[in-house]
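Chain residues, written in single-letter form:
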Amino acid sequence: MSQSIQKVCVIGAGTMGAGIAAQVANAGVPVLLLDIVPKDGTNRNAVAEGAVAKMLKTEPAPFMSKAAAKLVETGNIEDDLDKVAGCDWVIEAVIERLDIKQSLYARLEAVKRDGTAVSSNTSTIPLAQLVEGRSDAFKRDFLITHFFNPPRYMRLLEIVTGPDTDVGVAAKVEQFADVAMGKTVVHASDTPGFIANRIGTYWIQLGLNAAFDLGLTVEQADAIAGKPMGVPKTGIFGLVDLVGIDLMPHLQASLTSTLPKDDPYQAIARTHPLIEKMIRDGYTGRKGKGGFYRLNKEQGRRKETIDLASGEYRETIRASAPSGPAGKGNLRALVEAKGQTGAYAWAVLGGTLAYAAALVPSAAADVVAIDDAMKLGYNWKAGPFEMIDTLGAAWLAARLEAEGQPVPEILKIAGDRTFYRVEDGKRQFLGLDGEYHDIVRPHGVLRLADIKLASKPLLRNASAALWDIGEGVVALEFTGKMNALDGEVMKLIVEAIPLVAAKYKALVVYNDADNFSVGANLGLALFALNIAAYSEIEKLVAGGQMAYKGLKYAPFPVVGAPAGMAVGGGCEILLHCDAIQAHAELYTGLVECGVGLIPGWGGNGELLDRWQKNKFLPKGPMPAVAKVFETVSTASVSRSAAQAKEMLFLRADDAITMNRDRLLYDAREKALALVDGYTAPEPPTFRLPGESGRVGLGMAAEGFHKQGKATDYDMVVSDALANVLSGGEADLVETVSEQELLKLERETFMRLVREPRSIARVEHMLETGKPLRN
């Protein structure tokens, strides 16, 4: 294989190119970002520099940390193209014009090294056309790498290779994109639109056409073709607003000009006069004056929707989701529903699934590639063939045939079988040969879902489970709604510790869900509060403290492996782990003050201990206390694992995994590395400022109160937090033990939980998902 990738060049500093460069930098790899020299001004690097500056202000943020932005070197293609000689991968992300791309490739060939990969981010131009006129050596180094926007957050990368592409060069790019950039690579054929956009554009066009034809409102269409189909709640019209209405004619023109004349897309490609008028008038979606939905600023930001019949905006009317099973994920019930609901659902879903089925093997080699592309590129909960399994392949084929529509060959091959099955604990897919084949994971990918197919839990209750994940390591999994934590989780932790100590080497805290844990089960807590069951709440707090400390001082290493949200109690269990292997997209913090409480499961002491040991902080009792007070009282949450390190929710030597599919494997390896010679940590002691510290923190909080940034009740909660962090009645000449701080934390928590205003905050969070500013 060719040399590994140590430096990358991205040419084209538009939204996509700049975002790709940012993700390379997020991986800790230097990147050269080049663009044209602007016609006006004296700064020849203004375009690339402006792109980086813009990204530093963009939300959601392309960079995972400010440090990552420093890895981006900017320049221009007139003065700096020779720097490509020092790069191992060049990504072209310029305008979708063949002549411009080919001209750039000619210049690149003169300066790049042999073996340096060159790839295009094109989504429309065939690879064969891109490399016309280039040398055999250039063709060997060339491929297409189609990223999805925004590159940091969208995991899909479609890779297309040509007949001349060197296998080693392609493998080098794939390995880097997978491990360093966190992408799930799907191999696509060199066909127009590749996989995801080809199916996605067809799906959108069907949705637009059917809504106009059936006389549905925008709201009705999105209520049917959103959550009930297992796709994002934006539905189709909301999605078009998001990506840009003006993009649709360009996609349509590209596909109609490049797809075969007998492709089904040619028959549905239509222009709608209303959409053409919206584009002319500047109503291009969220980036313009509005789209199918808009906020009318003249009417107090009233949410409005365009009427597809009249073309006039009116107040948005919330459409109800289909009733019964049709609205709860039963696809057969949805497409068979009476009236407009069923007609629209079948027009969109039936047509899309039939089209996707017809693309194997022309666009993708197998059904797995199709499904992965749609789940990762369009955030569908299930891929087309997984949906077909839900409907029944034979049922779908029969309905298509009854309506005089072509039945794709792969549906005929499937017959009354499913496209996926589990055999001997392994997930398999149906191939074009009519046989089932194992789904083979890349080396370094370990999924708990796969383990569950072939084993039973070591322990299980209503809220948690313990699994043997191999190599003498077990995984503690939260299983409640949103992985909320309750007494059952704590009970299982207590049961797990002696079992692991006796029979295993280490424990990993992990689950496959999008979010590690949203913290304590507030619904259960509110129920207890409403019946004044304070003793039960105190049992939960004490039990959580005992369980977490049990993990901390267990005679084996404990590694936390979080991804997504890990807040409140979810953050606290991580603070008690010996080490963390975090997914790069980690949003963690102690957020209890937002619901009128304080961390109650030992999080205050653990974070305080880290800051007291931080060598960059001034010495003395107050700096660490003030830092933790600032972080916890404001319910600060990291926006990445890199930022979590800056906030000390992660330690400096905790590790970050970029690819979500590799997280469990990496965590297991990290746990095994700690086994030899492992000893549990010693309990910390604290030298805290006592009442004087509490007063000082109160003065700082009062400044925010006077500015209107803190409410009256924020002051009550922050004072309670300040009392804990300052050690209550502690004296500077004495030390506070971990157990004493836990007792103070527990007592303070129980005082706050009785407060009506805290209860109101909990209720409001459960009802709205937002904090109450009372």
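Because the structure is predicted, anything quoted here is derived from the model rather than measured. (Residues numbered from 1 in each chain as written. Predicted model: local features only at pLDDT ≥ 70, side-chain atom pairs only at ≥ 80, totals over all residues. Heavy atoms only, no water.)

Examining the overall build of the protein chain
What counts is decided by this rule: Every helix listed is a DSSP run of H or I at least four residues long, and every strand listed is a run of E at least two residues long, numbered separately from the N terminus. The globule rule used here is 2.2 Å times the number of residues to the 0.38 power, and the radius of gyration it is set against is calculated over C-alpha atoms. Per-residue accessibility, obtained with a 1.4 Å probe over protein chains only, is compared with the maximum for each type, and a residue is labelled buried under 20%, exposed over 50%, and partly exposed between these values. A contact between two residues is defined here by any heavy atoms of the two lying within 4.5 Å. Methods summary: accessible areas were calculated by the Shrake-Rupley approach with a probe of 1.4 Å, and residue burial reflects only the protein chains presented. The sign given to each residue is positive for Lys and Arg and negative for Asp and Glu; His and the chain ends receive no count. Each charge is placed at NZ for Lys, CZ for Arg, CG for Asp and CD for Glu.
A tally of helices and strands in the protein chain yields 32 helices and 25 strands. A compact globule built from 774 residues should have a C-alpha radius of gyration of about 28 Å, and the protein chain, at 28 Å, falls within 12% of that. Along the longest, intermediate and shortest principal axes, the C-alpha atoms of the protein chain span 85 × 65 × 65 Å. In the protein chain, which comprises 774 residues, the proportion classed as buried is 54%. A sequence separation of at least 24 residues applies to 70% of the contacts in the protein chain between residues at least 6 apart. Only carbon and sulfur atoms are counted for the fraction: they give 53% of the accessible area of the protein chain, which is about 33,100 Å². If you average the places of the 84 positive and of the 94 negative side-chain charges in the protein chain, the two averages end up 3 Å apart.

Thoughts on the sheet that holds strand β9 (residues 293-296)
Think of a sheet as strands paired side by side through backbone hydrogen bonds, with each pair either parallel or antiparallel. Formally: Here, strands pair whenever DSSP counts at least two bridges between them. For helices, the axis comes from a line fit to the C-alpha atoms of the stretch in contact; other axes are also lines fit to C-alpha atoms, and the angle between any two N-to-C directions lies between 0 and 180 degrees.
Within the open sheet, the 3 strands sit side by side as β9-β10-β11. Their pairing is antiparallel. Each edge of the sheet is formed by a strand with only one pairing partner; in this case those strands are β9 and β11 (313-315). Strand-to-strand twist in this sheet, taken as the mean axis angle between neighbours without regard to direction, amounts to 40 degrees. In terms of strand pairing, strand β10 (residues 302-306) meets β11 through 3 bridges, oriented antiparallel. Bridging from a neighbouring strand, T305 pairs with R314 of β11.

Notes on the pairing of strand β18 (residues 506-509)
So the rule is basically this: Orienting the strands away from the viewer, one traces the path from the first strand over the helix to the second; a clockwise path indicates a right-handed crossover.
Of the two faces of β18, the one carrying A506 and V508 and the one carrying L507 and V509 are both buried. Taken together, strand β17 (residues 473-478), helix α21 (residues 487-503) and β18 form a β-α-β motif whose crossover is right-handed. Where β18 meets strand β19 (residues 558-560), 3 bridges bridge the pair, whose relative direction is parallel. Opposite V508, over in β19, you have V559 as the bridge partner.

Side note on the packing of helix α15 (residues 339-357) against helix α18 (residues 393-402)
Note the cut-off: Orientation categories follow fixed angle ranges, with anything under 35 degrees roughly parallel, anything over 145 roughly antiparallel, 65 to 115 roughly perpendicular, and all other angles oblique. Each residue is assigned to one of three groups, with Ala, Val, Leu, Ile, Met, Phe, Trp, Tyr, Cys and Pro labelled nonpolar, Asp, Glu, Lys and Arg labelled charged, and all others, Gly among them, labelled polar.
At a closest axis distance of 11 Å, the pairing of α15 and α18 adopts a crossing angle of 105 degrees. With respect to each other, α15 and α18 are oriented roughly perpendicular. When α15 is examined against α18, the residues W346, L353 and A354 are found in contact with a partner set consisting of W395, L396, R399 and L400. For the contact of α15 with α18, the per-class residue count stands at 6 nonpolar, no polar and 1 charged.

Section: the packing of aromatic side chains
The criterion, for reference: When the centres of two rings from Phe, Tyr and Trp lie within 6.5 Å, Trp using its six-membered ring, the rings pair. Their planes under 30 degrees apart give stacked, over 60 give edge-to-face, and anything left gives tilted. Cation placement over rings: the criterion is NZ of Lys or CZ of Arg within 6 Å of the ring centroid and within 35° of the ring normal.
A full pass over the atoms with the stated rule returns 14 aromatic pairs. A centroid spacing of 6.0 Å and a plane angle of 85 degrees characterise the contact between W89 and F176, whose relative ring orientation is edge-to-face. Here the residue W89 occupies a position in strand β4 (residues 89-92), and F176 occupies one in helix α7 (residues 167-180), the gap between them amounting to 87 residues. Using a relative accessible area of 0% as the deciding quantity, one classes W89 as buried. Under the relative-accessibility criterion, F176 is labelled buried at 7%. With a centroid separation of 5.8 Å and an interplanar angle of 40 degrees, the aromatic rings of Y105 and F138 are classed as tilted. Of this pair, Y105 sits in helix α4 (residues 98-111) while F138 sits in helix α6 (residues 136-140), and the two are 33 residues apart along the sequence. F138 sits in the buried class, given a relative accessible area of 1%. One aromatic cluster is present, built from ring pairs that chain together Y105, F138 and F142. Directly above the ring of Y293 sits K303, whose terminal nitrogen or CZ lies 5.2 Å from the centroid. Over the ring of Y534 we find R754; its NZ or CZ atom is 4.5 Å from the centre of that ring.

A word on a positive patch on the surface
Note the threshold: Grouping into patches uses exposed residues only, defined as over 30% relative accessible area, and leaves out salt-bridged ones; the cut-off is 9 Å for like charges and 5 Å for nonpolar side chains (Val, Leu, Ile, Met, Phe, Trp, Tyr). Salt bridges, as used here, are contacts in which a Lys or Arg side-chain nitrogen is within 4 Å of a carboxyl oxygen on Asp or Glu.
Taken together, the side chains of K227, K233, R286, K303 and K381 make up a positively charged region of the molecular surface. The topology assignment puts R286 in the loop between α13 (273-280) and β9.

Examining the pairing of β4
With burial as the criterion, each face of β4 is covered, one bearing W89 and I91 and the other bearing V90 and E92. Both strand β1 (residues 8-11) and β4 contribute to a ladder of 4 bridges, which runs parallel. When the bridges of β4 are listed, V10 appears paired with I91. Two elements, β4 and strand β5 (residues 117-120), share 4 bridges in a ladder whose sense is parallel. Considered in β5, the bridge of E92 is made with S120.

Some thoughts on the sheet that holds strand β8 (residues 184-187)
Reading across from one edge, β3-β2-β1-β4-β5-β6-β7-β8 is the order of the 8 strands in this open sheet, with mixed pairing throughout. Strands at the two margins of the open sheet, each flanked by one partner only, are β3 (72-76) and β8. Going across the sheet, the axis of each strand differs from the next one's by a mean of 25 degrees, ignoring polarity. Pairing geometry for β5 and strand β6 (residues 142-147), over 3 bridges, is parallel. From the neighbouring strand, V118 faces β6, where its bridge partner is F142.

Some words on the side chain of D88
As a reminder of what qualifies: Counting of polar contacts relies on pairs of N or O atoms within 3.5 Å, with two restrictions inside protein: one atom must be capable of donating a hydrogen and the other of accepting it, and residues adjacent in sequence are counted only when both atoms are side-chain atoms.
Following the sequence through the fold, D88 ends up in the loop between β3 and β4. A relative accessible area of 6% means that D88 is categorised as buried. Here R113 takes part through its side chain, which lies 2.7 Å from a polar atom of the side chain of D88.

Looking at the environment of G431
Within the fold, G431 resides in the loop between β13 (426-430) and β14 (436-438). Taking relative accessible area as the criterion, G431 reaches 8% and is therefore assigned buried. In this structure, the C-alpha to C-alpha distance between G431 and P361, residues 70 residues apart in sequence, is 9.9 Å. With near-sequence residues (within four places) excluded, G431 lies in contact with I413 and H437.

Here we look at the domain arrangement of the protein chain
Operational definition: Domain start and stop positions are those given by an automatic or database domain assignment. Two parts lose some accessible area (1.4 Å probe) when they are put together, and adding that loss for both gives the buried area.
In terms of domain boundaries, the protein chain breaks down into domain 1 (8-187), domain 2 (196-421), domain 3 (448-587 + 656-667) and domain 4 (592-636 + 682-774). The centre of domain 1, based on its C-alpha atoms, is set 40 Å off from the matching centre of domain 3. The largest share of the area that domain 1 buries against domain 3 comes from M64, R155 and D178, three residues that together contribute 44% of it. Where domain 1 packs against domain 3, one counts 3 salt bridges.

Some points on the packing of helix α8 (residues 196-214) against helix α16 (residues 367-377)
Relative placement of two packed helices is described by the angle separating their axes and the distance separating the axes. How we decide: Two helices crossing with the near one rotated counterclockwise from the far one by less than a right angle form a left-handed crossing, whereas a clockwise rotation gives a right-handed crossing.
At a minimum axis distance of 9 Å, the contact between α8 and α16 shows a crossing angle of 65 degrees. Compared by their axis directions, α8 and α16 come out roughly perpendicular. For the element pair α8 and α16, the recorded crossing hand is right-handed. Only I370, A373 and M374 of α16 make contact with α8, whose side of the interface consists of A196, I199 and G200. Of the residues in the contact of α8 with α16, the class split is 5 nonpolar, 1 polar and no charged.

Quick notes on the nonpolar core
Which entries qualify depends on this criterion: In these notes, a set of buried Ala, Val, Leu, Ile, Met, Phe, Trp, Tyr and Cys residues joined through side-chain atoms within 4.5 Å is what counts as a nonpolar core.
Of all hydrophobic cores here, the largest spans 110 residues; its most connected members are F237, F292, Y344, F385, L411 and F419. Looking at this core element by element, the count peaks at 10 residues for α15. Viewed by domain, this core spans two of them, domain 1 (8-187) and domain 2 (196-421), each represented by three or more residues. Ignoring sequence-local partners within four residues, the contact set of Y344 consists of G207, A210, A211, L214, L216, A221, I224, A225, I236 and F237. Counting 83 residues, the second-largest nonpolar core is a separate cluster that includes M490, I493, L744 and V753.

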